[in-house]
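Reading the structure
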Amino acid sequence: MARSRIRPEPPRIPDPDLPLEFSSAMLHRSGETSEARIDLDPGTTDAAHTRISESLVAAASVQTLDLTGAILTDVVLDAVSTAELIAREGTWRTVVVRGGRIGTLDLSRARCDGLVLDGVRIDYLTAGGATLRDVEVTGCRIGTLDLPGARVERMRFAETSVDEMDVREWQAGDVDLRGADVLSFTDVRMLRGVTLTADQATSHALALAASLGIDVRTDA
């Protein structure tokens, strides 16, 4: 007899494969960096279309980090604070973003396979049209989380708060929101198949009723 599938299926994320010793490196556009400890310029770093593998991005406070179209494999961003982290149309495989504060994290049309956001404060995270597989969000504070048109598989939240979550026209499978305190959803009808706690379902019941055309009144 076939074993029944556990739902929601948890993310499958290996630890980044990092070397015991790092060389020192800086990033530049269309470059290639491997097995390095990367120091960022405090201003703007243009690393669009670069390749980074088995590397650590050291703690820093910077204005802008541009990773548009970049390919990251086995990379840790450790306590990086930036007004903008632009990673549109990039590819991230086994990437950990740990600590720090990010004003805008732009993952529009990106592909992420194995992404951990750990203890990060993000004012605005947009991943419209992105493909997000095996994502773990733990101990984060997110202002707005925009996922319109995204394809999301095996995403789990723990001890995380989100002010607003835009899930219009997304495709979601095995999304576990039980560890997320979400104040509002732009379209609660798109939560079909998502896992919530009973308390979460109750707190969003009025919004769900309104989306279904149900007139809920407190007067007799």
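First things first, this report covers the structure right here in the doc. None of the values given here were measured: they were computed from a predicted structure. (Residues numbered from 1 in each chain as written. Predicted model: local features only at pLDDT ≥ 70, side-chain atom pairs only at ≥ 80, totals over all residues. Heavy atoms only, no water.)

1. Overview of the overall build of the protein
On a plain count of helices and strands, the protein comes out with two helices and 18 strands. On C-alpha atoms alone, the protein measures out to a radius of gyration of 19 Å, which is about the 17 Å that the 2.2 N^0.38 rule sets for 220 residues. The dimensions of the protein, computed from C-alpha atoms along their principal axes, are 70 × 50 × 25 Å. Taken across its 220 residues, the protein has 47% of its residues classed as buried. Put simply, of all contacts in the protein between residues at least 6 apart along the chain, 11% involve residues at least 24 apart. In the form shown here, the protein has an accessible surface area of approximately 11,200 Å², with 47% of it arising from carbon and sulfur atoms. (Helix = DSSP H or I, 4+ residues; strand = E, 2+ residues; numbered from the N terminus. Rg over C-alpha atoms; globule rule 2.2 N^0.38 Å. Buried < 20%, exposed > 50% of the residue type's maximum accessible area, 1.4 Å probe, protein only. Contact = heavy atoms within 4.5 Å. Areas by Shrake-Rupley, 256 points an atom, 1.4 Å probe, with all protein chains shown as cover.)

2. Considering the state of the cysteines
If you walk through the whole model with that rule in mind, you get zero disulfides. Counting only cysteine sulfurs, C140 is the nearest neighbor of C112, a cysteine outside any disulfide, at a range of 14 Å. C112 gets classed as buried once you look at its relative accessible area, which sits at 0%. Its relative accessible area of 3% is what places C140 among the buried residues. (Disulfide = S-S within 2.5 Å.)

3. Thoughts on the nonpolar core
Ranked by internal contacts, the top residues of the largest apolar core, which has 57 residues, are L67, W92 and M165. Leave out the neighbours within four places in its chain, and L67 touches A47, A48, T50, I52, L72, L85, I86, A87 and W92. (Core = buried A, V, L, I, M, F, W, Y, C linked by side-chain atoms within 4.5 Å.)

4. A few points about the layout of surface pockets
Taken as a whole, the largest pocket holds about 170 Å³ of empty space. In terms of lining, the largest pocket is formed by V188, R189, L191, R192, L196, A201, H204, A205 and L208. (1 Å grid on protein atoms, 1.4 Å probe; cavity = no way out; pocket = protein on both sides within 12 Å on 5 of 7 lines; lining within 4 Å. Points joined across faces, edges and corners; volume = space filled by probe spheres on them.)

5. A word on unusual backbone geometry
Of note, the phi angle at E89 is positive, near 60°, even though the residue is not glycine. Examined against the element boundaries, E89 turns out to sit in the loop between β8 (80–86) and β9 (91–98). One non-glycine residue with positive phi stands out, namely E159, at about 50°. Summarising the element assignment, E159 is placed in the loop between β15 (151–158) and β16 (160–166).

6. Notes on the environment of D78
By secondary structure assignment, the location of D78 is in strand β7 (residues 71–78). Excluding anything up to four places from it in sequence, D78 contacts L56, V57, A58, A59 and R98.

7. Section: empty space enclosed by the protein
With the rule as written, the count across this model stands at one cavity of 30 Å³ or more. In this structure, the largest cavity occupies an estimated 80 Å³ of space. Every element with two or more residues in the lining of the largest cavity is listed here: β11 (111–118), β13 (131–138), β14 (141–146) and β15. Across the lining of the largest cavity, the residue classes tally to twelve nonpolar, no polar and no charged. (Nonpolar A, V, L, I, M, F, W, Y, C, P; charged D, E, K, R; others polar.)

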